[in-house]
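Architecture at a glance
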Amino acid sequence: MKSTMRLLAMIFAVAIVSISCSETELQSSVSSPDGNLVVNTGLNAAGTPVYAVTFKGKTIVDTSAVGFEFKDMEYLGRNMTLTGASSSTMDETWEMPWGEQRLVQNTYNELKLDYSEQGDAARKFSIVIRVYDDGLGFRFEFPEQEHMKEVLLLDENTEFALTGDHKVWWLPGDWDIYEQLYTNSKFSEIDAISMRDHPALVATYIPENAVNTPVTMKTDSGLYLSFHEADLTNYSGMTLKVDTQTYKMTSELVGSERLGGKAKLTVPFNTPWRTLQVGESAGDLIESNLIVNLNEPNEIGDVSYFTPMKYVGIWWEMHIGKSTWDMEGSQDMNTYIEGAKNSSRHGATTENAMRYIDFAAANGIKGLLVEGWNTGWDQWINTTDREGVFDFMTPYPDYDFDAVMAYAKEKGVEVIMHHETSAAPRTYEKQMEVAYNFMKENGMNSVKTGYVGKIIPEGEYHHGQWMVNHYHKVLTEAAKKKIAINAHEPIKATGKRRTYPNAISREGLRGQEFNAWSPDGGNPPSHLPTVAFTRMLSGPIDFTPGVFNIKFDEYMTSNQVNTTLAQQLALYVVIYSPIQMVADLPEHYMVNGEIHPAFQFIRDVAVDWEQSIVLDGEVGDFVVIARQEKGSENWFVGGITGETVRAQEVSFDFLPEGKTYTATIYKDGEGAHWNDNPTAYAIETMEVAKDTKVTIAMAAGGGFAISLMAN
Ligand code: NOJ
Ligand code: CA
């Protein structure tokens with residue numbers, strides 16, 4: 001490890017700033033290393049711990065209370081006193097095994113405040129606050145104590161009092177899925193309840209007017225804020241209940257009807273970090289490393305069994321209805337396809353897999369995902385009892401597992417396993433060990449998991465503590481077998497990839513698949529320019545870009561991808577993931593028997609980065625990102641826009657001094673438009689250097705991708 005570690009721990013007197021109002025005495029404060037961000041804390045008249053946040057002297061989170069409700073206990077968070085305070089600082093650099101950048105700077109000031117109730121049966125907890133230049137996190141630590149042992153948490157009431165009616169990009173606080181579209185509205189207009197009962201979501205539960213995190217905002221003065229959580233471990237996911245009158249958000253944890261509460265906890269425990277990223281530009285949010293920094297260092301050791309890669313898959317063809325996951329023909333797995341055909345068009349055949357392997361090998365693509373390889377898909381969605389429909393071992397008779405594995409090996413392609421659990425985690429936990437051994441015996445190092453449907457048993461939700469623990473167990477058990485996980489229908493990313501780097505990627509958003517079949521027409525052009533500043537702040541995304549046959553009318557006429565072809569290329573740079581799918585069908589990348597000229601970008605683009613820089617962007621509108629390939633001097637740039645046509649200036653001043661590069665620019669062609677003319681593209685090659693600037697036209701729903709090869 002090249003990282004240098006320097007921990008300067010010191011205990012010093014807590015600053016007394018006394019920004020007091022009549023009721024609340026804000027006594028202790030801690031600021032970011034650059035001094036811009038300050039967290040002030042204290043106790044209000046009721047003896048409730050409170051905090052407030054300022055940025056460059058202006059309040060950005062007003063006085064906000066914290067507190068907890070436990071079953072069969074008094075409310076915790078009143079009549080408390082401060083019994084101790086200590087401070088420390090951290091200044092280290094750590095190395096990611098793969099990531100948006102190789103080296104991560106982790107520099108913060110920490111303040112730990114110990115609170116105790118007054119009286120005989122006093123309970124206690126500490127608040128630990130870490131303030132970075134790019135944001136802050138705080139968590140509650142419950143030490144071992146006499147009057148709390150095993151507790152059932154009914155709710156955590158951490159408040160975030162906003163200072164105005166900010167512009168917000170939000171997802172409803174769904175306990176089961178993050179696959180809704182983002183809405184951009186004023187805070188006072190948030191209406192999550194109206195998002196209930198989406199026709200394309202089989203599992204959704206939105207009990208409150210709450211939002212999921214990350215939730216990103218822009219204040220009237222142009223500051224960008226994003227609220228989320230870090231290190232979600234043995235706790236339930238946090239949604240934020242909104243009070244549209246007072247602009248206050250309060251944590252609302254995902255519950256469990258089986259539990260009759262939110263989380264079952266044994267003292268001592270720590271809550272996840274409650275986080276706030278702060279940026280003066282929208283791009284600052286993307287460049288922030290706050291979420292990973294608030295997680296513990298790698299605990300699983302060597303992860304070289306996984307290599308970042310691009311992969312093809314027997315996948316999109318099922319989503320657009322060319323083929324099916326099942327071979328029985330008893331049901332068309334794609335319930336949303338126009339006129340379900342009710343006949344077997346099994347996609348995962350030996351022959352088809354070999355066809356994809358040939359395509360991958362010919363184009364330097366290292367991975368192949370095969371969905372629908374194992375029996376059970378005929379029972380998958382329509383059955384009332386989905387428990388145990390898959391065993392992750394038995395291939396369909398028309399899929400010669402051994403022959404495919406041998407052919408892939410011969411061609412230098414790695415096969416990625418697929419485990420659709422049908423949201424039956426208990427069965428999966430029973431089968432996991434055998435299934436992972438089977439993978440390793442066959443040279444497979446990564447698996448895409450899936451949790452489609454309502455969780456079995458009833459009363460549990462995808463984002464509750466029980467499932468948080470399941471997803472965690474999958475990571476740790478897989479790590480023991482040297483297996484990497486790409487989870488679909490996952491729990492949100494909270495930076496645990498630092499501790500468990502085998503958490504390579506995940507879905508947890510409306511992916512490309514919605515463009516294939518969603519009855520609402522799929523993801524509108526503003527979707528990805530929003531995702532980059534919201535979902536992507538939490539971690540890598542398996543979005544599955546690269547569709548060239550944008551309209552796929554030969555398969556479906558009512559759906560299409562709502563971007564231009566050039567934007568599909570740009571996504572390989574804009575959306576970070578150490579695995580990037582080359583999602584379209586091999587035949588869709590061919591033009592008159594030749595590979596599509598724009599495919600060269602997909603061949604060239606890297607998947608692992610030395611550094612990443614956001615060149616420009618505005619939440620929901622557009623974003624331009626430059627990334628330097630790890631272990632190389634080459635750079636790649638991606639730009640995407642929503643509905644708005646743009647003339648985007650790109651300055652190459654991020655390039656090193658005194659070097660020239662061959663730039664190949666893949667951009668929207670004359671008259672390109674995401675709906676009217678999505679496949680018009682142009683390719684231009686030029687020599688560039690640090691002082692070069694170009695202006696590139698982005699069509700509506702368009703974008704551009706640039707490869708910069710060092711001369
Ligand atoms: C939903 C996943 O997001 C998708 O990628 C997968 O093909 C299906 N489930 C089947 O597992
Ligand atoms: Ca999904």
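About the cut-offs
Residues numbered from 1 in each chain as written. Chains lettered and ligands numbered in written order. Predicted model: local features only at pLDDT ≥ 70, side-chain atom pairs only at ≥ 80, totals over all residues. Heavy atoms only, no water. Near = heavy atom within 4 Å. Polar contact = N/O pair within 3.5 Å; in protein donor to acceptor, adjacent residues only side chain to side chain. Areas by Shrake-Rupley, 256 points an atom, 1.4 Å probe, with all protein chains shown as cover. Helix = DSSP H or I, 4+ residues; strand = E, 2+ residues; numbered from the N terminus. Expected span 1.5 Å × (residues − 1). Bend = angle between axes of the 7 residues up to and from the residue. Buried < 20%, exposed > 50% of the residue type's maximum accessible area, 1.4 Å probe, protein only. Contact = heavy atoms within 4.5 Å. Salt bridge = Lys/Arg side-chain N within 4 Å of Asp/Glu carboxyl O. Axes fitted to C-alpha atoms, helices over the stretch in contact; angles between N-to-C directions. Parallel < 35°, antiparallel > 145°, perpendicular 65-115°, else oblique. Nonpolar A, V, L, I, M, F, W, Y, C, P; charged D, E, K, R; others polar. Domains from an automatic or database assignment. Buried area = accessible area lost by both parts, 1.4 Å probe.

Notes on the site of ligand 1
Around ligand 1, the surrounding shell holds 14 residues, and the nearest of these are Glu371, Glu420, Lys448, His488 and Glu513. Note that an oxygen atom of ligand 1 is positioned 2.5 Å from one of the side-chain N or O atoms of Glu371. Residue Glu489 places a side-chain N or O atom 3.2 Å away from an oxygen atom belonging to ligand 1. Here ligand 1 has 300 Å² of accessible area as a free molecule, and 97% of this is covered by the chains.

Here we look at helix H6 (residues 425–441)
Spanning 17 residues, H6 covers 23 Å between terminal C-alpha atoms, matching the ideal 24 Å at 1.5 Å per step. Along H6, the sharpest change in direction is near 50° and occurs at Gln431. All buried positions along H6 are accounted for by Pro425, Thr427, Tyr428, Gln431, Met432, Ala435, Tyr436, Phe438 and Met439. In the core, the buried residues of H6 are packed alongside helix H5 (401–411), strand S26 (414–420), strand S27 (446–450), helix H7 (465–480) and strand S28 (484–487). With its phi angle positive at about 75°, Gly443 sits one or two positions after the end of H6.

So, the pattern of salt bridges
Any two side chains of opposite charge can pair if their charged atoms end up close together. Applying the stated criterion to the full structure yields 31 salt bridges. Arg102 is the partner of Glu95 in a salt bridge, and the nearest nitrogen-oxygen pair spans 3.7 Å. One network of salt bridges, with partners in common, ties together Asp155, Lys241, Glu252 and Lys262.

Some thoughts on the packing of H6 against H7
Contact geometry of H6 with H7 gives a least axis separation of 11 Å together with a crossing angle of 0°. Judged on the interaxial angle alone, H7 and H6 are roughly parallel. Residue-level inspection shows Pro425, Arg426, Tyr428, Glu429, Met432 and Tyr436 of H6 in contact with H7, the latter providing Trp466, Met467, His470, Lys473, Val474, Glu477 and Ala478. For the contact of H6 with H7, the per-class residue count stands at eight nonpolar, one polar and four charged.

Observations concerning the domain arrangement of the chain
What the domain assignment reports for the chain is domain 1 (2–293) and domain 2 (525–532 + 561–582 + 590–711). When each unit is reduced to the centre of its C-alpha atoms, the spacing between domain 1 and domain 2 is 35 Å. Contacts between domain 1 and domain 2 engage 17 residues on the former and 21 residues on the latter. Regarding the contact of domain 1 and domain 2, the summed buried area is about 1,500 Å², with carbon and sulfur atoms giving 60% of it. Ranking the residues of domain 1 by area buried against domain 2 places Glu100, Arg102 and Ile286 at the top, with a combined share of 33%. Between the two partners, domain 1 and domain 2, sit two salt bridges. One can count 10 residue pairs in polar contact (both at pLDDT 80 or more) joining domain 1 with domain 2. Listing elements by their share of the side of domain 1 that touches domain 2, those giving two or more residues are strand S17 (215–218) and helix H1 (282–287). With four residues, H1 is the largest single contributor of residues to the side of domain 1 that touches domain 2.

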